[in-house]
Amino acid sequence: MASKEIKADRGGHAFDVSGLGNRVTLNVNHVARFSSHLNPLLERIIKNYDPDAATNNSDELPDPDDKLDFNSVRVLSENIIGCVDFLTLVEDQVDAIDDESPGAKNKFLKAIHQNYKNHRSELLINKSVSIKNKESVISTIRQNSDLLLQQVTNSILHNAETDLHGCPLEDVLDSVYLIVCYGFINCKILERPDDY
């Protein structure tokens with residue numbers, strides 16, 4: 001009897017169930033792995049997000065208007081402003097995850113900032129802008145601020161597609177907007193006025 005070669009690709013598992021009485025049982029709940037540090041936060045926000053229950057704790061949060069104006073955000077400023085009322089929810093989920101896994105909050109903020117920095121670097125490379133020329137850097141960012149916000153949003157959404165397959169797309173997208181707003185308010189997306 002010749003042996004069969006059984007292969008799996010992309011980190012999958014291969015099983016040979018030929019023959020009498022062979023059976024494989026898989027617990028699909030444990031198959032998916034998170035491909036991004038932000039996906040556990042996304043998952044919690046999706047479970048706890050109720051768009052009809054906006055809290056009015058924006059007095060405690062920094063006013064994003066100065067940063068939106070400084071970065072010349074034109075189109076997506078409406079999304080940022082619309083999410084500010086829900087930042088307490090995001091912070092509660094971040095704190096809960098950080099209590100379970102100390103240091104998670106820093107990982108979330110770092111992942112958001114790295115995502116932004118990657119898109120920012122790509123933009124500056126494409127526009128041939130020297131990082132040493134701060135005036136040119138901020139001018140380029142201002143001209144492309146909405147694009148940068150959209151790219152960060154799309155990247156987080158793309159990372160979530162694989163792992164959050166059981167959640168409605170609209171809930172995932174709403175939660176991604178909340179994370180982008182959280183990153184924006186915490187100065188991890190776009191530029192800090194004090195740095196220029």
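Just so it is clear, the structure is predicted and the values come from calculations on it, not from any experiment.

Student: In this structure, what is going on with the overall build of the protein? I would like to understand it.
Tutor: Summing up its helical and strand segments, the protein has eight helices and zero strands in all. In the protein, the succession of α and β elements from N to C terminus is α-α-α-α-α-α-α-α. Counting only residues that meet the buried cut, the protein has 36% of its 196 residues in that class. Considering only residue pairs separated by 6 or more positions, the protein has 76% of its internal contacts joining residues 24 or more positions apart. For the protein, the accessible surface area stands at approximately 12400 Å², while carbon and sulfur atoms represent 46% of it.

Student: Looking at this structure, how should I read the packing of aromatic side chains?
Tutor: All chains considered together, the criterion is met by one aromatic pair. Here the aromatic rings of F70 and Y196 are separated by 5.9 Å at their centres, their planes lie at 40°, and the arrangement is tilted. Taken together, the residues F70 in helix α2 (residues 65-70) and Y196 in the segment after α8 (169-185) connect sequence positions 126 residues apart. Its relative accessible area of 17% is what places F70 among the buried residues.

Student: Is there a simple way to explain the nonpolar core in this structure?
Tutor: Soluble globular proteins tend to bury their nonpolar side chains together. In terms of nonpolar packing, the biggest core is built from 47 residues, with I45, L149, I156, L178, I179, I189 and L190 touching the most fellow members. Only α1 (39-48), α3 (77-84), α4 (87-100), α5 (104-126), α6 (134-143), α7 (145-163) and α8 provide two or more residues apiece to this core. Among the elements that take part in this core, α8 stands out by supplying nine residues, more than any other. Setting aside anything within four residues of it in sequence, one finds I179 in contact with L38, L41, L42, I45, I112 and I156.

Student: Explanation requested: the side chain of T153 in the structure shown.
Tutor: Tracing the chain through its elements places T153 in helix α7. The exposure class of T153 is buried, given its relative accessible area of 4%.

Student: How should the pattern of salt bridges be read in this particular structure?
Tutor: Oppositely charged side chains are able to pair whenever their charged atoms sit close together. This model, assessed by the stated rule, comprises two salt bridges. Ionic pairing is found between R44 and E100, a salt bridge with its closest N-O pair at 2.7 Å. Highlighted residues: R44 in helix α1 and E100 in helix α4, separated in sequence by 56 residues. Across the pair E191 and R120 runs a salt bridge, and its minimum N-O distance is 3.1 Å. With E191 in the segment after α8 and R120 in helix α5, the pair connects residues that are 71 residues apart, well separated along the chain. Of the two residues, E191 and R120, both sit in the buried class.

Analysis parameters
Residues numbered from 1 in each chain as written. Predicted model: local features only at pLDDT ≥ 70, side-chain atom pairs only at ≥ 80, totals over all residues. Heavy atoms only, no water. Helix = DSSP H or I, 4+ residues; strand = E, 2+ residues; numbered from the N terminus. Buried < 20%, exposed > 50% of the residue type's maximum accessible area, 1.4 Å probe, protein only. Contact = heavy atoms within 4.5 Å. Areas by Shrake-Rupley, 256 points an atom, 1.4 Å probe, with all protein chains shown as cover. Phe/Tyr/Trp six-rings, centres within 6.5 Å; stacked < 30°, edge-to-face > 60°. Core = buried A, V, L, I, M, F, W, Y, C linked by side-chain atoms within 4.5 Å. Salt bridge = Lys/Arg side-chain N within 4 Å of Asp/Glu carboxyl O.

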